[in-house]
Amino acid sequence: MERHEPVSAHDRRAEGPASALPTKRELFRLFLSEKSDPIPFYTKLAQRSISEFPFPLDGVRVLDLGSGPGFYCDAMRGRGAIVMPVDLEVASLQRGGEPVAGAVATDGGRLPFPDASFDGVFCSNMLEHTPNPSSIFDEAARVLRPGGWAWVSWTNWYSPWGGHNIVPLHYLGPRLGLRAWRRLFGEPPKNIPYEGLFPTYVGRTLEMVRSHPGLELVDAFPRYYPTQRWILEVPVLRELATWNCLMLLRRPDGERRR
């Protein structure tokens, strides 16, 4: 496969003047129109997320795993990061008919990059779209340098938005909820359960990461209300109330002790 290099901050696409960071109220208002007009919501969400980023970005080599059309990639490049955007299909990487600069279309569970080639891995809302999340964590650990970080968030199945295009019928379960949706409304346009959307759960994912030999769980909390991290300690409540779970991970400098 042809080797690709991350695009530097100086090569990023032209950006307009920096706008004021959105408030949570503004984000929620934009979220209500996300299905019909997604660009304003995801642009503002990326700006706010990267403004609050817990790791240094200037001059850092970052793998944007599941980058989509590059909202977070743009925001990280704006902070000086050297970003490699990756998604499964070329169409997913396009915005306005053009792919994100420097993008690579590849499977996140089989990355074409050498070991320890990135300082950080950024992965926003991709886990629920892969049938094998463990392979994503395996590859993240492999391509991270020792001491490198990973920022991983996802929408768990029983959160209010967990079923994506079949909300709120996802509370009936992925199969029954999909059948009910089809009977009432016809075929969902995308994110079909067990095709483009796979049920993921907070408890199982946290345990998967805690038991991974190549990663350390530094912190985990609800992404949109981080002060309420206690929710993740309550088994049933966390599946319903987390909405979107954020994990901060680290690749150990040496071999993990057992």
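Residues numbered from 1 in each chain as written. Predicted model: local features only at pLDDT ≥ 70, side-chain atom pairs only at ≥ 80, totals over all residues. Heavy atoms only, no water.

Colleague: Please clarify how the packing of aromatic side chains should be interpreted in this entry.
Modeller: The geometry of an aromatic ring pair is captured by the separation of the ring centres together with the interplanar angle, meaning the angle of the planes. The full count for this structure, using the stated rule, is eleven aromatic pairs. For the pair F53 and F55, a centre-to-centre distance of 5.8 Å together with 70° between the ring planes defines the contact as edge-to-face. A residue is classified by how much of its surface remains accessible, and F53, at 9% relative accessible area, is buried. Residue placement shows R61 over the ring face of F118; its charged tip is 5.8 Å from the ring centre. The ring of Y194 carries the charged tip of R175 above its face, separated from the ring centre by 4.4 Å. (Phe/Tyr/Trp six-rings, centres within 6.5 Å; stacked < 30°, edge-to-face > 60°. Buried < 20%, exposed > 50% of the residue type's maximum accessible area, 1.4 Å probe, protein only. Lys NZ or Arg CZ within 6 Å of the ring centre and 35° of its normal.)

Colleague: What should I look at first to understand the pairing of strand β1 (residues 61-65) in this one?
Modeller: Residues in a regular strand point their side chains to alternate faces of the sheet. The buried fraction of β1 amounts to four of the five residues, a majority that puts the element mostly inside the structure. Here β1 runs beside strand β2 (residues 82-87); their pairing, made up of five bridges, is parallel. Bridging across to β2, L65 finds its partner in V86. Note that the unit made of β1, helix α3 (residues 71-78) and β2 has a crossover that is right-handed. Pairing of β1 with strand β6 (residues 118-124), which is carried by three bridges, proceeds in the parallel orientation. Each bridged residue has a counterpart across the sheet, and for D64 the counterpart in β6 is F122. (Helix = DSSP H or I, 4+ residues; strand = E, 2+ residues; numbered from the N terminus. Pairing = 2+ DSSP bridges. Right-handed = clockwise from strand over helix to strand, strands pointing away.)

Colleague: Hey, could you run me through the sheet that holds strand β8 (residues 216-222) in this one?
Modeller: Across a sheet, strands are paired by hydrogen bonds formed along the backbone, either parallel or antiparallel in direction. Reading across the sheet, the seven strands line up as β5-β2-β1-β6-β7-β9-β8 and stay open at both edges, with mixed pairing between neighbours. Because the sheet does not close on itself, it has two edges, and the strands there are β5 (104-105) and β8. Sheet topology note: the strand β7 (residues 144-154)/strand β9 (residues 245-250) ladder contains six bridges and is antiparallel. The residue bridging W151 from the neighbouring strand is L248, located in β9. Most of the contacts of α3 go to β2, to which it runs at about 175°, and overall it touches β1, β2 and β6. This element, helix α6 (residues 202-210), spans β7, β8 and β9 of the sheet and lies at about 0° to β9. (Contact = heavy atoms within 4.5 Å. Axes fitted to C-alpha atoms, helices over the stretch in contact; angles between N-to-C directions.)

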